[in-house]
Amino acid sequence: MASTDFFSLYKNIIAIPSISSTDPKWDQSNEAVIRLLADWFSGLGFRIEVTALPDLPGKFNLVATLGEGEGGLLLAGHTDTVPFDEGAWNKDPFKVTEEGNRLYGLGTIDMKGFFAFIVEALKEIDPTQLKKPLRILATADEETTMAGARAIAAAAELKPDYAVIGEPTGLVPVLAHKGHMSEAIRITGKSGHSSDPANGVNALELMHQAMGQILGLQRRLKEQYADPRFAVPQPTLNLGYIQGGDSPNRICGCCELHIDMRPTPQVGPEELMGMLKEALSPIEIHQPGCLHLQHLHEPIPPYACPDDAVLVREAERASGRRAESVNYCTEAPFIQQLGCETIVLGPGHIAQAHQPDEYLDLSFVEPTKQVLRHLIQRFCM
């Protein structure tokens, strides 16, 4: 069973909807969550700074600081959740349900619940003993644009020595992950009557050629750029969406393809984009001006922390698990831009994230608190 105080923390934060989405019908402010966290941490003696994100009304970051000076430890997490399919949930997404040694609710592991773990861990920490500052970072819009983490990196005002992002890793320290790119490829042809295809330029036919080139790049990535740190070793390329044409009796004048690419620390976003442009260059040669590439969102870089980093060794010691690399991506590359050793480490399993009836297994409660206390004591005291 969860303790009454811990359950109350979880109940209060999960009860506040804070969905971020590229669809305006779903997208919500995270301000109420930020204000709740400000109350939690100011009550524990932290100094609070809440910052509005430029050009994003209703979106905020929070930095809470305990102690003085530079360096120390940053514990980071995002305050938003993904949307949910109401018909697929058997529980109320905004009401914590304790059942079968689990806490169910949207954000229980991904990842608003992590802040409740921090509060619990601090109960056995004497703040007067801190020799380095402890900072808490709560960001906006990780699930969409990562605007909150990007703003923190751009401001470059925080200078921790070490940072831990509490995403659900099963309490396994994560020291590297892939990035994420979503790209739109648009081909514009010339429409016309289908009775004489030579009088037009068929965008579908050109896209067919382009897809052949893209699949060739996909094979090249698999054959030449394997990174053994990852379960899926190569930078991946997936054809995800296509739309073109409007009628069988018209020459298709426009076709658009959306692809997903996952860069690795060895092959970054700029290099992947260069490879994509090179692969598509024959299309432009045959039909100049027909091709247009566009980011569907700003690329998220890959991330890696050295195997022998002090933070990696301490996290392995505290968790009893060896660090590993993963295929999904987090805010780690942006937090790392602050100049700190950075890992991803938190309760729950990624397999439960973005799923109906998301839950925290309560077997993570005590081990997570112990890991956080160890890291706070090691890097701040």
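Predicted, not measured: the structure shown is a model, and the values here were computed from it.

About the cut-offs
- Residues numbered from 1 in each chain as written.
- Predicted model: local features only at pLDDT ≥ 70, side-chain atom pairs only at ≥ 80, totals over all residues.
- Heavy atoms only, no water.
- 1 Å grid on protein atoms, 1.4 Å probe; cavity = no way out; pocket = protein on both sides within 12 Å on 5 of 7 lines; lining within 4 Å.
- Points joined across faces, edges and corners; volume = space filled by probe spheres on them.
- Helix = DSSP H or I, 4+ residues; strand = E, 2+ residues; numbered from the N terminus.
- Nonpolar A, V, L, I, M, F, W, Y, C, P; charged D, E, K, R; others polar.
- UniProt positions renumbered as here; feature names shortened; annotations may be inferred.
- Domains from an automatic or database assignment.
- Contact = heavy atoms within 4.5 Å.
- Buried area = accessible area lost by both parts, 1.4 Å probe.
- Salt bridge = Lys/Arg side-chain N within 4 Å of Asp/Glu carboxyl O.
- Polar contact = N/O pair within 3.5 Å; in protein donor to acceptor, adjacent residues only side chain to side chain.
- Pairing = 2+ DSSP bridges.
- Axes fitted to C-alpha atoms, helices over the stretch in contact; angles between N-to-C directions.
- Core = buried A, V, L, I, M, F, W, Y, C linked by side-chain atoms within 4.5 Å.
- Buried < 20%, exposed > 50% of the residue type's maximum accessible area, 1.4 Å probe, protein only.
- Disulfide = S-S within 2.5 Å.
- Parallel < 35°, antiparallel > 145°, perpendicular 65-115°, else oblique.
- Left-handed = near helix turned anticlockwise from the far one by under 90°.

Novice: Can you help me understand empty space enclosed by the protein in this one?
Specialist: The gaps left among the atoms become clear once a water-sized probe is rolled over them. A complete count under the given rule lists 1 cavity of 30 Å³ or more for this structure. Here the largest cavity is characterised by a volume of approximately 40 Å³. Top element by residues in the lining of the largest cavity is helix α9 (residues 365-380). It accounts for 4 residues. Taken together, the residues of the lining of the largest cavity break down into 8 nonpolar, 2 polar and no charged.

Novice: It is not clear to me how the UniProt feature "domain: Peptidase M20 dimerisation" (unreviewed entry) in the protein chain should be interpreted in this structure. Could you clarify?
Specialist: In the numbering used here, UniProt assigns the "domain: Peptidase M20 dimerisation" (unreviewed entry) feature to residues 176-282. For residues 176-282, helix accounts for 34% and strand for 26%, while the C-alpha atoms at its two ends are 35 Å apart.

Novice: Just checking my understanding: could you explain the domain arrangement of the protein chain for this structure?
Specialist: Under the domain assignment used here, the protein chain contains domain 1 (6-176 + 302-380) and domain 2 (180-300). At the junction of the two partners, domain 1 supplies 13 residues and domain 2 supplies 13 residues. Surface buried jointly by domain 1 and domain 2 totals about 1000 Å² across both partners, of which 64% is contributed by carbon and sulfur atoms. Counting across the domain 1 and domain 2 interface gives 0 salt bridges. For the pair domain 1 and domain 2, the number of links is 2 residue pairs in polar contact (both at pLDDT 80 or more). At the level of secondary structure, the elements contributing two or more residues to the side of domain 1 that touches domain 2 comprise β13 (303-304), β14 (324-326) and α8 (332-336). Residue classes in the side of domain 1 that touches domain 2 are distributed as 9 nonpolar, 3 polar and 1 charged.

Novice: It is not clear to me how the sheet that holds strand β16 (residues 359-361) should be interpreted in this structure. Could you clarify?
Specialist: Within a sheet, each strand pairs with its neighbour through backbone hydrogen bonds, oriented either parallel or antiparallel. The strand order across the open sheet formed by 3 strands is β4-β5-β16, and the pairing between neighbours is antiparallel. Each of the sheet's edge strands pairs with one partner strand only, and the pair in question is β4 (97-99) and β16. The sheet shows a mean angle of 20° between the axes of neighbouring strands, direction not considered. Two strands pair when backbone bridges link them, and β4 and strand β5 (residues 102-104) are joined in this way by 3 bridges, in the antiparallel orientation. Residue pairing for β5: T97 is matched across the bridge by Y104.

Novice: Explain the nonpolar core here, please?
Specialist: If you look at the biggest cluster of nonpolar residues, it comprises 75 residues, and the most contacted ones within it are W40, F41, L73 and L134. The dominant element in this core, judged by the number of residues it contributes, is helix α3 (residues 114-122), at 8 residues. Setting aside chain neighbours within four positions, we find L73 in contact with P133, L134, R135, Y162, A163, V164, L375, I376, F379 and C380.

Novice: Quick question: what am I supposed to make of the state of the cysteines here?
Specialist: When the sulfur atoms of two cysteines share a covalent bond, that bond is a disulfide. The final tally for this structure, using the stated rule, is 0 disulfides. Left unpaired, C252 is separated from the closest cysteine sulfur, that of C255, by 5.5 Å. C305 provides the cysteine sulfur closest to C329, a residue in no disulfide bond, and the two sulfurs are 17 Å apart. Of the residues examined, C329 reaches a relative accessible area of 17% and is grouped as buried.

Novice: Would you mind showing me how to read the packing of helix α5 (residues 203-224) against helix α6 (residues 269-286) here?
Specialist: Relative orientation and spacing of two packed helices are given, respectively, by the angle between their axes and the distance between those axes. At a minimum axis distance of 9 Å, the contact between α5 and α6 shows a crossing angle of 140°. Considering the angle they form, α5 stands oblique to α6. Our pair here, α5 against α6, has a crossing hand that is right-handed. Contacts from L206, Q209, A210, Q213, I214, L217, R220 and L221 of α5 reach α6 at L272, M275, L276, E278, A279, L280, P282 and I283. Counted by class, the contact of α5 with α6 contains 12 nonpolar, 2 polar and 2 charged residues.

Novice: How should the pattern of salt bridges be read in this particular structure?
Specialist: Note on pairing: side chains with opposite charge can pair once their charged atoms come close. In this structure the tally under the stated criterion is 17 salt bridges. E68 is the salt-bridge partner of R47, the closest N and O atoms lying 3.1 Å from each other. On the criterion of sequence distance, the pair formed by R47 in strand β1 (residues 47-52) and E68 in the loop between β2 (60-66) and β3 (73-78) is long-range, its members being 21 residues apart. Among the salt bridges present, the one from D260 reaches R262, with a minimum N-O distance of 3.0 Å. One network of salt bridges, in which partners are shared, links D5, E120, K123, E366 and K369.

Novice: For this particular structure, what's the right way to read the layout of surface pockets?
Specialist: Counted as a void, the largest pocket has a volume near 510 Å³. Around the largest pocket, the lining comprises 21 residues; the ones closest to its centre are V82, E142, E143, T144 and H354. Looking at the lining of the largest pocket residue by residue, the classes come out as 8 nonpolar, 8 polar and 5 charged. When residues of the lining of the largest pocket are assigned to domains, at least three map to each of domain 1 (6-176 + 302-380) and domain 2 (180-300). By volume, the second largest pocket amounts to about 240 Å³. Around the second largest pocket, the lining comprises 13 residues; the ones closest to its centre are E49, T51, I152, A155 and E157. Only β1, β2 and α4 (147-155) provide two or more residues apiece to the lining of the second largest pocket.

Novice: Hey, could you run me through the side chain of E331 in this one?
Specialist: As for its placement among the helices and strands, E331 is situated in the loop between β14 and α8. Residues contacting E331, with those up to four places away along its chain left out, are G77, H78, T139, E142, M146, A149 and I165.

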